[in-house]
Amino acid sequence: MIPQYASALLISDLHLTPSMPLTAQRFFDFCEKDAPKVDAVFILGDLFEYWVGDDAALHSPFQQEVRHALATLSTKVKTYYLHGNRDFLVGKHFLSKTGMTLLADPSKINIAGSDYMLCHGDSLCTADIGYQVFRGWVRKPWIQKLFLRLPLNWRRSIANHLRSNSGMQYQRAMSSSPEVAQAKTDVTLAACAAVLRDQGGDQLIHGHTHLPKHHQERLHDQEWQRWVLSDWDLDHPESGRPRASALLINQDGVRYADLIKN
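None of the values given here were measured: they were computed from a predicted structure.

What counts and what doesn't
- Residues numbered from 1 in each chain as written.
- Predicted model: local features only at pLDDT ≥ 70, side-chain atom pairs only at ≥ 80, totals over all residues.
- Heavy atoms only, no water.
- Helix = DSSP H or I, 4+ residues; strand = E, 2+ residues; numbered from the N terminus.
- Polar contact = N/O pair within 3.5 Å; in protein donor to acceptor, adjacent residues only side chain to side chain.
- Contact = heavy atoms within 4.5 Å.
- Buried < 20%, exposed > 50% of the residue type's maximum accessible area, 1.4 Å probe, protein only.
- Pairing = 2+ DSSP bridges.
- Right-handed = clockwise from strand over helix to strand, strands pointing away.
- Phe/Tyr/Trp six-rings, centres within 6.5 Å; stacked < 30°, edge-to-face > 60°.
- Core = buried A, V, L, I, M, F, W, Y, C linked by side-chain atoms within 4.5 Å.
- Axes fitted to C-alpha atoms, helices over the stretch in contact; angles between N-to-C directions.
- Expected span 1.5 Å × (residues − 1).
- Salt bridge = Lys/Arg side-chain N within 4 Å of Asp/Glu carboxyl O.

Asker: Which parts of the structure should I look at to understand the side chain of Asn85?
Answerer: Structurally, the position occupied by Asn85 is in the loop between strand 4 (78-82) and helix 4 (92-98). At a separation of 2.8 Å, a polar atom in the side chain of Asn85 contacts the side chain of His120. Apart from the residues within four sequence positions on either side, Asn85 is in contact with Asp46, His120, Asp122, Tyr131, Arg139 and His208.

Asker: Explain the pairing of strand 3 (residues 40-43) here, please?
Answerer: Within a regular strand, the side chains alternate between the two sheet faces. Of the two faces of strand 3, the one holding Ala40 and Phe42 and the one holding Val41 and Ile43 are both buried throughout. Across four bridges, strand 2 (residues 8-11) lies against strand 3 in parallel orientation. Within strand 3, the residue paired with Ile11 across the bridge is Ile43. The handedness of the strand 2 to strand 3 crossover, carried by helix 1 (residues 21-34), is right-handed.

Asker: Before we go on, may I ask you to explain the packing of aromatic side chains in this structure?
Answerer: Pairs of aromatic rings are described using the distance from one ring centre to the other and the angle between the two planes. Under the defined criterion, the tally for this structure stands at eleven aromatic pairs. With a centroid separation of 5.8 Å and an interplanar angle of 75 degrees, the aromatic rings of Phe48 and Phe94 are classed as edge-to-face. Placement of Phe48 in the loop between strand 3 and helix 2 (54-57) and of Phe94 in helix 4 is noted, with a sequence separation of 46 residues between them. Neither residue differs from the other here; Phe48 and Phe94 are each classed as buried.

Asker: Please explain the nonpolar core as it appears in this structure.
Answerer: Considering soluble globular proteins, one finds that nonpolar side chains tend to be buried as a cluster. Within the largest apolar cluster, 42 residues are counted, with the highest numbers of intra-cluster contacts made by Leu16, Phe27, Phe30, Leu47 and Val66. For this core, the secondary structure elements donating two or more residues are strand 2, helix 1, strand 3, helix 2, helix 3 (61-74), helix 4, helix 7 (152-176) and strand 11 (245-250).

Asker: Can you walk me through the sheet that holds strand 2 in this structure?
Answerer: Think of a sheet as strands paired side by side through backbone hydrogen bonds, with each pair either parallel or antiparallel. Spatial strand order, 5-4-3-2-11-12: six strands in an open sheet with mixed pairing. One side of each edge strand has no neighbouring strand; the edge strands of this open sheet are strand 5 (101-103) and strand 12 (253-258). Pairs of neighbouring strands in the sheet enclose a mean axial angle of 25 degrees, with direction left out of account. Note that strand 11 and strand 12 share six bridges and pair antiparallel. Bridge pairing in strand 12 places Leu248 opposite Arg255. Sitting on the sheet, helix 1 touches strand 2, strand 3 and strand 11, and the angle it makes with strand 2 is about 175 degrees.

Asker: Any chance you could explain the sheet that holds strand 8 (residues 203-206) here in plain terms?
Answerer: Taken in spatial order, the six strands line up as 1-6-7-8-10-9 in an open sheet, and their pairing is mixed. Each edge of the open sheet is held by one strand with a lone partner, namely strand 1 (4-5) and strand 9 (213-219). Pairing of strand 8 with strand 10 (residues 222-228) involves four bridges; the strand directions are parallel. Residue His206 lies in a different strand from strand 10, and its bridge partner there is Val228. Of the strands in this sheet, strand 6 (107-111), strand 7 (114-118), strand 8, strand 9 and strand 10 touch helix 9 (residues 189-199), which is tilted by about 105 degrees from strand 10.

Asker: Please explain helix 1 as it appears in this structure.
Answerer: Each turn of an α-helix holds 3.6 residues, which means side chains three or four residues apart point in the same direction. Taking 1.5 Å of rise per residue, 14 residues should cover 20 Å, and helix 1 covers 19 Å from first to last C-alpha, within 8% of that figure. Regarding helix 1, the residues found buried are Thr23, Ala24, Arg26, Phe27, Phe28, Phe30, Cys31 and Asp34. Looking at the packing, one finds that the buried side of helix 1 touches strand 2, strand 3, helix 3 and strand 11.

Asker: So what exactly am I meant to see when it comes to the pattern of salt bridges here?
Answerer: Once the charged atoms of two side chains with opposite charge are near each other, the side chains can pair. Inspection of the entire model under this criterion finds eight salt bridges. Arg86 is the partner of Glu49 in a salt bridge, and the nearest nitrogen-oxygen pair spans 2.8 Å. Of this pair, Glu49 sits in the loop between strand 3 and helix 2 while Arg86 sits in the loop between strand 4 and helix 4; the two residues are 37 residues apart in sequence, bridging distant segments of the chain. In this structure, Glu217 and Arg226 form a salt bridge, with 2.6 Å as the shortest nitrogen-oxygen distance.

Asker: Explain unusual backbone geometry here, please?
Answerer: For the bond running from Asp105 to Pro106, omega is 5 degrees, close enough to zero to count as cis. Within the secondary structure layout, Pro106 lies in the loop between strand 5 and strand 6. Phi is positive for His15, which is not a glycine, with a value near 50 degrees. Position of His15 among the secondary structure elements: in the loop between strand 2 and helix 1. Residue class for His15 comes out buried when judged on its relative accessible area of 9%. Not every positive phi belongs to a glycine, and His220 is a case in point at roughly 60 degrees. With respect to the helices and strands, His220 occurs in the loop between strand 9 and strand 10. Overall, the relative accessible area of 66% leaves His220 in the exposed class.

Following this line, the structure appears as structure tokens:
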């Protein structure tokens, strides 16, 4: 039986970190004021800028504050969590302390009588072959166990190095060929069609790409709708305009809720 709710809010890609206090405060406000108005909240990955193990949260006042906000939210509304590419190491201990329920990637849920396929979105970026190979390795349980046995400062150093290297590679690609770089880091129609075909659906919701938009798509004889969730950035947005929105689904349909104006 898939989860069924009359209304829900879906968010992703907040990339919470102490260096982005405005974004963090909007999330705390979201948990207190916006989220309790619906029956369920779905966080589709990359809530944190990075996560190097549940034990790291014990030494971080900021992550403890986020944990408290989530734990309070979970007492008011059913809250789900789905791993992203930055926080796939969020584990059972942290989840148990927050009261959130972990979802597999992908997962099917029912909101207001309609079925939706949920995923973070990085698995759909199949044009980026190098990343998919990397993703396959770091998602292996034995690799994760080895990583989590490393000293905490080593893990943080590795995470910072990977983030820095990824950012530099993307900037180089964008400067040489923006169209190619954008295509490489976006989802592919074939991957979207495959996950919907395998799971039996025609409505897909994901984050990861930071390109919020509603798409009507088709590949051969298969048609579907796709909603891309927004990233959140109130501190130093690349576009110059702060962004924070959620996808609201209820009996009135599906729409983007601008959390800057709220």
